[in-house]
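Spelled out from the first residue to the last, the chains are:
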Amino acid sequence: MAALFAAAGCGGGVEVQPEDYEVLSFREQLAEVELGSYSVPVPITIETTDGLGRDNRLQFRFELFALVSPRDKPKAEECLARQQGQLRDTVISVCRNSTVDDLLDPQLSNLRSRMLSAIQPLLENVTPKRMLVTRRMTEPL
């Protein structure tokens, strides 16, 4: 068997170049659609040792973007311009109904997922691929 492989050779002949392979784009090109800057006071309850909770507030500031296909960007911007008030109400509602852990999570995974689900109906026929939260800051009120 070894003689058969040795006789056949193991690589001589045609040299394959990297450009001979089809290049696949593993990262889809996405365009950012600005959804606005937000400063949302979020009510939180802190448990105390005496069993009585205190109601404090946390200020959550951030900028929000939807990532969409480049061909859908104009359509998304048009939809959002018409729905600006509803968009702001939706974003504020999602933030206020989030847990403190979700707001303080470095990746904001749960918050971004809930934002995506809540904002999707406002974009009509455009499907955002993901949400991007930048310039995030949390501070007590």
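Above this text you will find the structure in question.
These figures come from a predicted structure and were not determined experimentally.

Novice: What exactly am I supposed to notice about the nonpolar core here?
Specialist: Counting residues in hydrophobic clusters, the biggest one holds 28 residues, and the most contacted among them are Leu35, Phe62, Leu64, Val91, Met115 and Ile119. Counting residues per element, the ones that place at least two in this core are β1 (31-46), β2 (54-68), α2 (73-82), α3 (84-96), α5 (109-119) and β3 (130-140). Other than its neighbours up to four places away in sequence, Leu64 contacts Val33, Glu34, Leu35, Gly36, Tyr38, Val91, Met115, Ile119, Met131, Leu132 and Val133.

Novice: Would you take a moment to explain the packing of α3 against α5 for this structure?
Specialist: One can describe the packing of α3 onto α5 by two numbers: an axis separation of 10 Å at closest approach and a directional angle of 145 degrees. In this structure, α3 meets α5 at a crossing whose hand is right-handed. On α5, the residues that touch Leu87, Thr90, Val91, Val94 and Cys95 of α3 are Leu111, Arg114, Met115, Ala118 and Ile119. Along the lines of polarity and charge, the residues of the contact of α3 with α5 split into eight nonpolar, one polar and one charged.

Novice: Help me out: how do you make sense of the environment of Pro74 in this one?
Specialist: One can find Pro74 in helix α2. Along the sequence, Pro74 and Val126 sit 52 residues apart, while their C-alpha atoms lie 9.9 Å from each other.

Novice: Any chance you could explain the pattern of salt bridges here in plain terms?
Specialist: A side chain with one charge can pair with a side chain of the opposite charge if their charged atoms come near. Summed over the entire model, instances satisfying the criterion amount to seven salt bridges. The salt bridge partner of Lys73 is Glu77, with a shortest N-O separation of 4.0 Å. Placement of both Lys73 and Glu77 in helix α2 is noted, with a separation of four residues, approximately one turn of the helix. Between Glu78 and Arg82 there is a salt bridge whose closest N-O contact spans 4.0 Å. One end of the pair is Glu78 and the other is Arg82, both in helix α2 and four residues apart, which spans about a single turn.

Novice: I tried to follow unusual backbone geometry on my own but got confused; where do I start?
Specialist: A negative phi holds for most residues other than glycine; trans holds for most peptide bonds. Despite not being glycine, Glu124 has its phi angle at roughly 50 degrees, a positive value. With respect to the helices, strands and loops of the structure, Glu124 is situated in the loop between α5 and β3. Positive phi, close to 50 degrees, is recorded for Arg135, a residue that is not glycine. Mapped onto the fold, Arg135 is located in strand β3.

Quick notes on the rules
- Residues numbered from 1 in each chain as written.
- Predicted model: local features only at pLDDT ≥ 70, side-chain atom pairs only at ≥ 80, totals over all residues.
- Heavy atoms only, no water.
- Core = buried A, V, L, I, M, F, W, Y, C linked by side-chain atoms within 4.5 Å.
- Buried < 20%, exposed > 50% of the residue type's maximum accessible area, 1.4 Å probe, protein only.
- Helix = DSSP H or I, 4+ residues; strand = E, 2+ residues; numbered from the N terminus.
- Contact = heavy atoms within 4.5 Å.
- Axes fitted to C-alpha atoms, helices over the stretch in contact; angles between N-to-C directions.
- Left-handed = near helix turned anticlockwise from the far one by under 90°.
- Nonpolar A, V, L, I, M, F, W, Y, C, P; charged D, E, K, R; others polar.
- Salt bridge = Lys/Arg side-chain N within 4 Å of Asp/Glu carboxyl O.

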